[in-house]
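Residue-level listing of the chains:
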Amino acid sequence: MTVVQYSSGNRLLDALPVSDLASLERDLTIVTLKAHQSTHSAGRVMSHVDFPIDAVLSVVATLKNGETVEVGTVGSESFVESDAALESSVASRTAFCQVQGSVGRMSLASFEQRMTTSVMFARFMRHNVRAVLFSSQQFTVCNLKHSVLQRCARWLAMTADRVGRPQFTLTLEFLAIMLGVPSAKVAEAADALQLMGAIEYLKGAVTIVDRGSLERVACECYEASKAAFSESLLLSA
Ligand SMILES: [Zn+2]
């Protein structure tokens, strides 16, 4: 008899040992998020942890003047907020949905219970936070050393990986905010990527046409971050 194993659609959860996967369905509610919908607020107590399925969430830092810049992008390789795996019930950053789609939502109480009762669940979550930290440091270097074109290509390739399909909704104005660069610079980069046949951009939707070209333009940070998350999903018992 074939046993059908539960699959949440979130790669981090689906990498868990069978013993953890078995009871997971009970603790997850599938929630569909619209673009820009808030999921976590900085300084507030979290009620839940979100495991993206095909939604992409943005974690942003907000300055005193109200300006926000993306400090993390989270898809099916991870979860929001990392703080929950570090014994904090308070979100240190604001998060919202960037590309609409669904997430598996787990109450903070269930998450905390799993962290204390399942050694493997706790290991997977902590190793994932390690990959988040590595990527965050990598992107600090990226912002200093790599061009807007390279960063745009890296960001688009990562987003396509996260949603699991080559087309997704995105406005260039929003991408400019996320990268913290003027929208004219992002429009210039998008035009260049379109001219070389890597992407098609039309009315707020991006289609990756030639994945190879896009990855060749993207800086090394794309592969570095991807490798860090892949490694975090390969924990053995
Ligand atoms: Zn880079």
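The structure reproduced in this document is the subject of the present report.

Parameters and conventions
Residues numbered from 1 in each chain as written. Predicted model: local features only at pLDDT ≥ 70, side-chain atom pairs only at ≥ 80, totals over all residues. Heavy atoms only, no water. Phe/Tyr/Trp six-rings, centres within 6.5 Å; stacked < 30°, edge-to-face > 60°. Helix = DSSP H or I, 4+ residues; strand = E, 2+ residues; numbered from the N terminus. Buried < 20%, exposed > 50% of the residue type's maximum accessible area, 1.4 Å probe, protein only. Pairing = 2+ DSSP bridges. Axes fitted to C-alpha atoms, helices over the stretch in contact; angles between N-to-C directions. Contact = heavy atoms within 4.5 Å. Donors = N, O, S within 2.8 Å, 3.2 Å for Na, K, Ca; no water. Tetrahedral: all angles 85-135°; square planar, octahedral: opposite > 155°, others 65-115°. 1 Å grid on protein atoms, 1.4 Å probe; cavity = no way out; pocket = protein on both sides within 12 Å on 5 of 7 lines; lining within 4 Å. Points joined across faces, edges and corners; volume = space filled by probe spheres on them. Nonpolar A, V, L, I, M, F, W, Y, C, P; charged D, E, K, R; others polar. Domains from an automatic or database assignment.

Summed over the entire model, instances satisfying the criterion amount to 5 aromatic pairs. Ring geometry for Phe111 against Phe121: centres 5.5 Å apart, planes inclined by 70°, an arrangement best described as edge-to-face. Of the two residues, Phe111 sits in helix α4 (residues 108-117) while Phe121 sits in helix α5 (residues 119-145), which places them 10 residues apart along the sequence. Taking the relative accessible area as the measure of exposure, Phe111 reaches 0% and is therefore buried. Assessed through its relative accessible area of 0%, Phe121 is described here as buried. Feature note: the residues Phe51, Phe79, Phe111 and Phe121 constitute an aromatic cluster, connected by ring pairs.

Attention now moves to the sheet that holds strand β3 (residues 48-52). Ordered in space as β1-β7-β3, the 3 strands form an open sheet in which the pairing is antiparallel. The strands lining the two open edges of the sheet, one partner per strand, are β1 (29-33) and β3. Shown here is a sheet whose adjacent strand axes are inclined to one another by a mean of 40°, direction ignored. Examined bridge by bridge, β1 and strand β7 (residues 101-107) share 5 bridges and lie antiparallel to one another. Paired with Leu33 across the bridge in β7 is Gly101. Lying on the sheet, α4 is in contact with β3 and β7; it crosses β7 at an angle near 65°.

Protein ligation of the zinc ion involves Cys142 (SG), His146 (ND1), Cys219 (SG) and Cys221 (SG), the donor distances falling in the range 2.2 to 2.4 Å. Geometry at the zinc ion is tetrahedral, judged from the 4 donor atoms that bind it and their angles of 100 to 118° at the metal. Mapped onto the sequence, the residues coordinating the zinc ion show the spacing C-x3-H-x72-C-x1-C. Here Cys142 and His146 have matching classes, each one buried.

Cis rather than trans, the peptide bond between Val80 and Glu81 has omega equal to 5°. On the secondary structure map, Glu81 appears in the loop between β5 (68-74) and β6 (94-99). The phi torsion at His36 lies on the positive side, around 80°, for a residue other than glycine. You can call His36 exposed: its relative accessible area is 53%.

Moving on to the layout of surface pockets. Considering only enclosed or pocket space, the largest pocket measures out at about 710 Å³ in volume. Val71, Gly72, Thr73, Val132 and Ser136 are the residues nearest the centre of the largest pocket, which is lined by 33 residues in total. Elements supplying a minimum of two residues to the lining of the largest pocket: β5, α5, α6 (148-163), α7 (172-179) and α10 (221-232). Residue contributions to the lining of the largest pocket peak at 8 residues, all from α5. Here the lining of the largest pocket is composed, by residue class, of 15 nonpolar, 10 polar and 8 charged. Counting contributing residues, the lining of the largest pocket receives three or more from each of domain 1 (11-142) and domain 2 (147-218).

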